[in-house]
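Okay, here's what each chain looks like letter by letter:
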Amino acid sequence: MALITIQFHAKSLARSVPLRAFLPVDGDAPPETPLPALYLLHGLNGSESDWFTYSRAALYAREFGLAVFCPAGENSFYVPQAASGIDYLRFIGEELPAFTRRLFPLSAEREKTFIGGLSMGGYGALNAGYVYPQTFGKVVALSAALEPWRLMTQTDSTESVRRPRYARALFGESPYAGDTLTLARKCGNRAPEIHMACGAEDALLPVNIAFTEALRAEGLPPAHFDITPGAHTWDFWDREIRRGMQFLMDHPIDAPLPA
């Protein structure tokens, strides 16, 4: 197997960005068939190395024969930035898949192209799945930080990234244009298959429940949603990303732990 660090110029972001890549290849022979690919997004205050540093994502990907690509999302929430016009959503939905397909032996089929993430990355993965359903056949969203403008405008927080000024720079004065449920409505029945999970002790559980219930109430393609033991931690995400990969690769999914 190969773990690779890449630096390349992203037109969508108007700068050079880092990318971590895992390829489940051994020896000198190329893979017999194009590889399925998972674009795996990190959370707030994280980096492109998180999934390979704090979880066993590479070992799980090797088990399932899955290529994994982790871009640097900074603290962008993977949205088109209101203040700068920098478009992280287009970067992960268009430019990144196109670039990696030119560089590696990846499948170009929707059914073998996936996106996933945790927290901020779970929000980004869902949005990308709904905006680019022609690209992504399945989505895995763990502890998704839905309705992030509410989180980011908490005035009792001492973290600078949660200040209202920063939220306005990301989302503008009317952030609901990027609301995930709105994007799901626009996508309709073209939506990819979605697997979501959130810890029973996670503060983000209520918004995850509300989102999945809203999909069902509006007759939109539902998300499979598990509530399992755990909080907003790597212990939870390490366990659940393996179950997520089972879902992506059409393997039997381990039964969720009872919450």
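To be clear, the structure that these remarks concern was listed above.
Criteria and thresholds
Residues numbered from 1 in each chain as written. Predicted model: local features only at pLDDT ≥ 70, side-chain atom pairs only at ≥ 80, totals over all residues. Heavy atoms only, no water. Phe/Tyr/Trp six-rings, centres within 6.5 Å; stacked < 30°, edge-to-face > 60°. Helix = DSSP H or I, 4+ residues; strand = E, 2+ residues; numbered from the N terminus. Buried < 20%, exposed > 50% of the residue type's maximum accessible area, 1.4 Å probe, protein only. Arc of directions from axis to C-beta. Contact = heavy atoms within 4.5 Å. Pairing = 2+ DSSP bridges. Right-handed = clockwise from strand over helix to strand, strands pointing away.

Q: Mind showing me how you'd approach the packing of aromatic side chains here?
A: Using the criterion set out here, one finds 10 aromatic pairs in the structure. Ring geometry for Y39 against F69: centres 5.5 Å apart, planes inclined by 25°, an arrangement best described as stacked. You can see Y39 sitting in strand β3 (residues 37–41) and its partner F69 sitting in strand β4 (residues 67–71), a full 30 residues away along the chain. Where Y39 meets F136, the ring centres are 6.3 Å apart and the plane angle is 70°; that geometry is what we call edge-to-face. Residue Y39 is found in strand β3, and its partner F136 is found in the loop between α4 (120–131) and β6 (138–142); the two are separated by 97 residues along the sequence. Each member of the pair Y39 and F136 is classed as buried. Clustering of aromatic rings is evident, with ring pairs tying together Y39, F69, F104 and F136.

Q: Where do I start with helix α2 (residues 57–64) in this structure?
A: Along an α-helix, a turn takes 3.6 residues, which lines up residues three or four apart on a common side. What α2 keeps buried is the set A57, A58, Y60, A61 and F64. Along α2, the residues classed as buried sweep out an arc of 160° about the axis, all on the same side. Buried residues in α2 make contact with β2 (15–23), β3, α1 (50–54), β4 and α9 (234–248). Following α2 by one or two positions, G65 has its phi on the positive side, about 65°.

Q: Can you walk me through the pairing of strand β5 (residues 113–118) in this structure?
A: Remember that side chains alternate between the two faces of the sheet whenever the strand is regular. Along β5, six of the six residues are buried, which leaves the element largely enclosed by surrounding structure. Every second residue of β5 is oriented toward a common face, with T113, I115 and G117 on one face and F114, G116 and L118 on the other, all of them buried. Strand direction decides the pairing type here: β3 and β5, joined by five bridges, are parallel. Bridge pairing in β5 places L41 opposite G117. Strand direction decides the pairing type here: β5 and β6, joined by five bridges, are parallel. Looking at the pairing, F114 lines up with K138 of β6. Traced from β5 through α4 to β6, the parallel crossover comes out right-handed.

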